[in-house]
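# Structural features, examined
Residues per chain are reported as follows:
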Amino acid sequence: MTSATQPVSADDPFEDGVSRRLRIAFVGKGGAGKSSIAGTLARLLAAGGEPVVCLDSDPLPGLATSLGIATSDAGIPDEAVEEAPEGERARYRLATGLTSEAAIRRYADTGPDGVRFLQFGKTRGHVAPLMRSQFAFRHIVADIDDTPWHVIGDLPAGTRQPFFGWAGFAHLVLVVAEPAMSSMLSAKRLARLGEGENAPLVAAIANKTRRDDDADLVSQATGLPVWASAPVDPAVREAEHLGVPIIDHAPDSPTVQALRSLLERLHNEERSSP
Amino acid sequence: MKIAVVGKGGVGKTTTASVLARGLSQRGCDVVALDCDTNANLGLSLGVGLETTERLVALRQALDEGEEDHAPSWDEMLARFGADAPDGVRLTTVNRIENMDPGCP
Ligand SMILES: Nc1ncnc2c1ncn2[C@@H]1O[C@H](COP(=O)(O)OP(=O)(O)O)[C@@H](O)[C@H]1O
Ligand SMILES: [Mg+2]
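Quick caveat: nothing in here was measured; it's all calculated off a predicted structure.

## Here's the deal with the pairing of strand β2 (residues 52-56) of chain A
Where a strand is regular, its side chains alternate between the two sheet faces. Counting buried residues in β2(A) gives five out of five residues, a clear majority hidden from the surface. What you see with β2(A) is no split at all: Val52(A), Cys54(A) and Asp56(A) on one side and Val53(A) and Leu55(A) on the other are buried throughout.

If you want it as structure tokens, here you go:
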């Protein structure tokens, strides 16, 4: 098990201790490529034999496809939570005796290479059947630092969830941005997640680049360092049309290569940090 | 006529809304474009530029933080919290980026 008691410095996306785990949240404008990238990175990690859990807090579908998990809308079952006693801030809490780790083992789907997938479920109409599931999800994520998993989170588009604390588990926030005005403006706003005490490290991924200087453009426009850059990649589109993971469809595509380098970079940062 | 454009992130809601707004305006309708996205960038699509887009977001934020008074009427709201976009469209931003406080699920 990792130690959750040691504080993590803001410029260290990894836990201190014996086995250091990635805690990454992907954020960005809609369509920037969060789900494609998050799923592919998770699969790369899992293929290397690492334990990975993916968190999907988007009420609309996306991440399951890039992971290669047969799409299911179902969230976490009601039994995972119980009503909190009167006077507590949250209405539900995790069922008595249920830890984050046990909940992940019990409720997260298992995909290719053993990658795990936890979602609070997909919206089906106006009704709010997801309420208990969302509470369960929030509680599981709140204690996820105590678990031995690498954590890769895919947040919904925009600024709402990130600024409401849904990326709170992350030691590293990766903002996916296309080299287009609105995407970069969104990324610049999201860069504020790195402000304040105990804020995570924030970096950008330039996606769907067309020119050599697009990564620089993203960096300038967002004020963020660009840690990876992937070009407009027909293989990603093809995989999407076929409904299969990018990593299975085109393991040597430029996008997968870019994410391999990113992963290497993350591991190097791990080795070089004290 | 009131039209709401909705859909999954990245599919083209903002672009569609801006083309509708300017097209209707060109055909002689009085058009108000409301940016209801918490991550507001309709201004960019309409063509008012980055600075004005950000100014409207800042104004909206100031309103929430009590630094600006609420407008007592629709017209005054459009006057004080809006900006002129090309083709005579009037743009206003009705949402804002949330603050960093964690909230309910
Ligand atoms: N590097 C890329 N090249 C080409 N298309 C891409 C690339 N990355 C993502 N896409 C496509 O862009 C669309 C949005 O990607 P997605 O990962 O769903 O974005 P998000 O989760 O940020 O909304 C999808 O159709 C996907 O196939
Ligand atoms: Mg997505």
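Once you've had a look at it, read on.
## Quick word on unusual backbone geometry
Its identity is not glycine, yet Lys208(A) carries a phi of approximately 60 degrees, on the positive side. Take Lys208(A): it is sitting in strand β9 (residues 201-209). Of note in the backbone geometry, Asp87(B) takes a positive phi value of approximately 65 degrees without being a glycine. Within the secondary structure layout, Asp87(B) lies in the loop between β2 (82-84) and β3 (90-93).

## Some words on the side chain of Arg21(A)
Mapped onto the elements, Arg21(A) comes out in the segment before β1 (23-28). A polar contact of 2.6 Å, which involves the side chain of Arg21(A), links it to the backbone oxygen of Pro148(A).

## Here's the deal with empty space enclosed by the protein
The probe, sized like a water molecule, is rolled over the atoms to show the empty space still left. Residues and elements named next belong to chain A. For the structure on display, the rule yields one cavity of 30 Å³ or more. Computed from the structure, the largest cavity encloses a volume of approximately 40 Å³. Asp56, Pro61, Gly62, Leu63, Ala64, Thr71, Ser72, Asp73, Phe117, Gln119 and Lys122 together form the lining of the largest cavity. Of all elements in the fold, only α2 (63-67) and β6 (116-119) reach the threshold of two or more residues within the lining of the largest cavity. For the lining of the largest cavity, the class distribution of residues is four nonpolar, four polar and three charged.

## A look at the interface of chain B and chain A
Contacts between the two partners involve 21 residues from chain B, matched on the other side by 25 residues from chain A. Between chain B and chain A, the buried area comes to about 2100 Å², and carbon and sulfur atoms account for 58% of it. At the surface where chain B touches chain A, the tally comes to one salt bridge. Here Glu54(B) makes a salt bridge to Arg189(A), at a shortest N to O gap of 2.7 Å. At the surface where chain B touches chain A, the tally comes to six residue pairs in polar contact (both at pLDDT 80 or more). For the side of chain B that touches chain A, the element with the highest residue contribution is helix α3 (residues 49-64) of chain B, accounting for four residues. Considered class by class, the residues forming the side of chain B that touches chain A number nine nonpolar, eight polar and four charged.

## What about the nonpolar core?
Residues and elements named next belong to chain A. Of all hydrophobic cores here, the largest spans 46 residues; its most connected members are Leu55, Ile76, Leu118, Phe137, Phe169, Val173 and Val175. Sort the elements by how many residues they give to this core and helix α4 (residues 131-142) lands first, with five residues. Not counting residues within four places of it along the chain, the set of residues in contact with Val175 comprises Val27, Gly28, Ala187, Leu190, Val202, Ala203, Ala204, Ile205 and Leu224. Counting 36 residues, the second largest nonpolar core, distinct from the first, contains Leu44, Val52, Ala64 and Ile247.

## Examining the packing of helix α6 (residues 181-190) of chain A against helix α7 (residues 214-222) of chain A
Residues and elements named next belong to chain A. Viewed as axis vectors pointing N to C, α6 and α7 meet at an angle of 50 degrees, and their least axial separation amounts to 8 Å. Put simply, α6 runs oblique to α7. In the packing of α6 onto α7, the handedness of the crossing is right-handed. Where α6 approaches α7, its residues Met184, Ala187 and Lys188 are matched on the opposing element by Leu217, Val218, Ala221 and Thr222. When its residues are assigned to classes, the contact of α6 with α7 shows five nonpolar, one polar and one charged.

## Describing the environment of Val218(A)
Residues and elements named next belong to chain A. Relative to the assigned elements, Val218 resides in helix α7. For Val218, a relative accessible area of 0% puts it in the buried group. Separated by 85 residues in the primary sequence, Val218 and Ser133 have C-alpha atoms spaced 36 Å apart. Residues in contact with Val218, not counting those within four places in the same chain, are Ala177, Glu178, Pro179, Met184, Ala204, Ala206, Gly223 and Val226.

## Focus on the sheet that holds strand β1 (residues 32-35) of chain B
Working definition: the strands of a sheet are paired by backbone hydrogen bonds and lie parallel or antiparallel to each other. Residue and element names in this part refer to chain B. Spatially, β1-β3-β2 is the arrangement adopted by the three strands of the open sheet, whose pairing is mixed. Of all the strands in the sheet, the pair left with one neighbour each is β1 and β2. Looking at each pair of strands side by side, their axes are set apart by 25 degrees on average, direction ignored. Where β2 meets β3, three bridges bridge the pair, whose relative direction is antiparallel. Looking at β3, one finds that Ala83 is bridged to Leu91. Strands in contact with helix α4 (residues 74-81) are β1, β2 and β3; relative to β3, the strand with the most contacts, it is inclined by about 90 degrees.

## Some thoughts on the packing of aromatic side chains
All names here are of chain A. Within this structure, the stated rule accounts for four aromatic pairs over all chains. Aromatic side chains Phe120 and Phe137 sit 5.5 Å apart centroid to centroid with 80 degrees between the ring planes, which places their arrangement in the edge-to-face category. Here Phe120, found in the loop between β6 and α4, pairs with Phe137, found in helix α4; they are 17 residues apart in sequence, far enough to count as distant. On the basis of relative accessibility, which here comes to 1%, the residue Phe120 falls in the buried class. An aromatic cluster is present here, built from Phe120, Phe137 and Trp166 joined pairwise through their rings. Geometry around Trp166 places Arg138 over its ring, the cationic atom sitting 4.6 Å from the centre.

Rules of the game
- Residues numbered from 1 in each chain as written.
- Chains lettered and ligands numbered in written order.
- Predicted model: local features only at pLDDT ≥ 70, side-chain atom pairs only at ≥ 80, totals over all residues.
- Heavy atoms only, no water.
- Buried < 20%, exposed > 50% of the residue type's maximum accessible area, 1.4 Å probe, protein only.
- Helix = DSSP H or I, 4+ residues; strand = E, 2+ residues; numbered from the N terminus.
- Polar contact = N/O pair within 3.5 Å; in protein donor to acceptor, adjacent residues only side chain to side chain.
- 1 Å grid on protein atoms, 1.4 Å probe; cavity = no way out; pocket = protein on both sides within 12 Å on 5 of 7 lines; lining within 4 Å.
- Points joined across faces, edges and corners; volume = space filled by probe spheres on them.
- Nonpolar A, V, L, I, M, F, W, Y, C, P; charged D, E, K, R; others polar.
- Contact = heavy atoms within 4.5 Å.
- Buried area = accessible area lost by both parts, 1.4 Å probe.
- Salt bridge = Lys/Arg side-chain N within 4 Å of Asp/Glu carboxyl O.
- Core = buried A, V, L, I, M, F, W, Y, C linked by side-chain atoms within 4.5 Å.
- Axes fitted to C-alpha atoms, helices over the stretch in contact; angles between N-to-C directions.
- Parallel < 35°, antiparallel > 145°, perpendicular 65-115°, else oblique.
- Left-handed = near helix turned anticlockwise from the far one by under 90°.
- Pairing = 2+ DSSP bridges.
- Phe/Tyr/Trp six-rings, centres within 6.5 Å; stacked < 30°, edge-to-face > 60°.
- Lys NZ or Arg CZ within 6 Å of the ring centre and 35° of its normal.

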